[in-house]
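Architecture and fold: a report
Each chain, written out:
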Amino acid sequence: MSAEFWNMGGYALYVWGSFGAALAVHLWNVLSARAQRRRLLDSLADSEGEQPVDE
Amino acid sequence: MNWTWFHRLGSPPSFYRFAGTLAPWLGGLGLAALAYAWYAGLVLAPADYQQKDAFRIIYVHVPAAAVSLSLYMLMAVAGGIALIWRMKLAECVLIATAPVGASFTALALLTGMLWGKPMWGAYWVWDARLTSELVLLFLYVGVMGLKAAFDEPRAAARACALLALVGVVNVPIVHFSVEWWNSLHQGSTVLKFGKPNISAQMAVPLYAALLATYLLAGQAILRRAQNELLSRERNTRWVRETLTELGGDPHVS
Amino acid sequence: MTKRQKRMAAVAALLLGLGLSAYFVLSAARKNMMYFYTPTDLVEHRVSEDARLRLGGLVTVGSLKRGEGLNVEFTLADCEKSLPVRYQGILPDLFREGQGIVATGRMQQGTFVADEVLAKHDENYMPPELAKSLKSADGKHNCAPFKSMQQAAR
């Protein structure tokens, strides 16, 4: 793509900084939930053997 | 009116399955909408007559700010339901919403600073809009901290619900701050009566970006609520069965 | 009342109490929540002239004079009154005649001497072609966002 596009009329730092931050937040939301799930499943596997109870 | 669907959805195993089905759809559609919105916003939309290319920050700033307020309302409503009806699912939604809401509030603040510097001439000013949005971030972080401070999940959820409800007064302040007081921040472009203040070529990517951000936030909340449910109900039969379904053997997962 | 109804009443009372106290605090602090004052406020002596304060308004079209170096002089107006402003320093990209700005400084012999100027843009976004056709003859922007304290109290 053209240099003009990446330059964003001289506001490249601000525009790409903002979109980069947005990308990071979207990724964090997906990955942190996934990591939380992995940790949880590990801890649940460790506590296996305790007696299940029905509520 | 028939409420069986509501009670069924409110039961942890059905919600867990429902969220598991819905989340990939929200994620997929959200990603597609985001790809379109960013392409249209960065490439197709013309530069603004005043702000030139810097105006494109609107495509990440406005959706993040809108979602930050909407998620707070969701969190407060879930908190109200959790306090009044003692509904476990509402507690999980409340706990799941806080980090997602905090992430979008932080994004709104950061992109606002990156927009403010080249246009206003300052990263930050203590006007009513910026200050109340910062308070919103503190409220989200407060709910997260409160959750972490308790060992017992039900007590944690009740304390979080109370804080979420108390903080709800801040939501109208954020939204109306630009109308009630003189502020450096401009008024609302999207939520305004009368003719829209943005030309169609610029508005369509903005609506797409709003949709995308809501869908992706929804995906994140569903996934986190699923985790919260699994953790809360770890000793119940349905969780054991779910784990067996997942990995054949819970030790492997 | 059942227990659930009691909790419902408690939550409702909490929200009502919070809403009312927020309303009273905010209406009492209305003046202090203003990020800037307007030329009308200063001209009509509704704020102390000795204090360092922020002044917001539109740069009057035709009033901008660029002096030596980074010195500029211009007139700042809201919907009613206007004031001369003097400033030395770097101006934001959006600064131009007709633009809304917020200047920080203090009054000196009838002139507002600013040490910081920020641009306040509006909520309208359009391509340049469209903007050209919309602009009125005198290039006047909207003065409505610059509410004097009296207007804001209404």
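Residues numbered from 1 in each chain as written. Chains lettered and ligands numbered in written order. Predicted model: local features only at pLDDT ≥ 70, side-chain atom pairs only at ≥ 80, totals over all residues.

1. Structural notes on the overall build of chain C
Helix and strand counts for chain C stand at 4 helices and 6 strands. Helices (α) and strands (β) of chain C occur, in sequence order from the N terminus, as α-α-β-β-β-β-β-β-α-α. Its C-alpha radius of gyration of 21 Å places chain C more than 25% over the 15 Å reference for a compact globule of 154 residues. Each principal axis of the C-alpha distribution contributes one length, and for chain C these read about 75 × 45 × 25 Å. Across chain C, every contact between residues at least 6 apart in sequence was considered, and the portion connecting residues at least 24 apart equals 51%. (Helix = DSSP H or I, 4+ residues; strand = E, 2+ residues; numbered from the N terminus. Rg over C-alpha atoms; globule rule 2.2 N^0.38 Å. Contact = placed C-beta atoms within 7 Å.)

2. Topic: the interface of chain A and chain B
Listed by partner, the interface residues are 29 residues for chain A and 36 residues for chain B. Its residues assigned to classes, the side of chain A that touches chain B comprises 17 nonpolar, 7 polar and 5 charged. (Nonpolar A, V, L, I, M, F, W, Y, C, P; charged D, E, K, R; others polar.)

3. Points about the interface of chain B and chain C
Facing the 34 residues of chain B at the interface are 35 residues of chain C. Counting residues per element, the ones that place at least two in the side of chain B that touches chain C are α3 (58-85), α4 (88-119), α6 (153-167) and α8 (200-232) of chain B. If you tally residues by element for the side of chain B that touches chain C, the top one is α3(B), at 4 residues. Counted by class, the side of chain B that touches chain C contains 19 nonpolar, 13 polar and 2 charged residues.

4. A few points about the UniProt feature "transmembrane region" (unreviewed entry) in chain A
With numbering aligned to this structure, UniProt lists the feature "transmembrane region" (unreviewed entry) at residues 12-31 of chain A. Across residues 12-31 of chain A, helical content stands at 100% and strand content at 0%; the span's end C-alpha atoms are separated by 27 Å. (UniProt positions renumbered as here; feature names shortened; annotations may be inferred.)

5. Brief notes about unusual backbone geometry
For M8(A), which is not glycine, the phi dihedral falls at a positive 50°. Looking at where M8(A) falls in the secondary structure, it is placed in the loop between α1 (3-7) and α2 (12-46). Look at M8(A) and you get buried, because 20 C-beta atoms sit within 10 Å. The backbone of K52(B) shows a phi angle near 55°, a positive value even though the residue is not glycine. Note on placement: K52(B) falls in the loop between α2 (12-44) and α3. Assessed through the 18 C-beta atoms surrounding it within 10 Å, K52(B) is described here as partly exposed. (Buried ≥ 20, exposed ≤ 12 C-beta atoms within 10 Å, placed from the backbone.)

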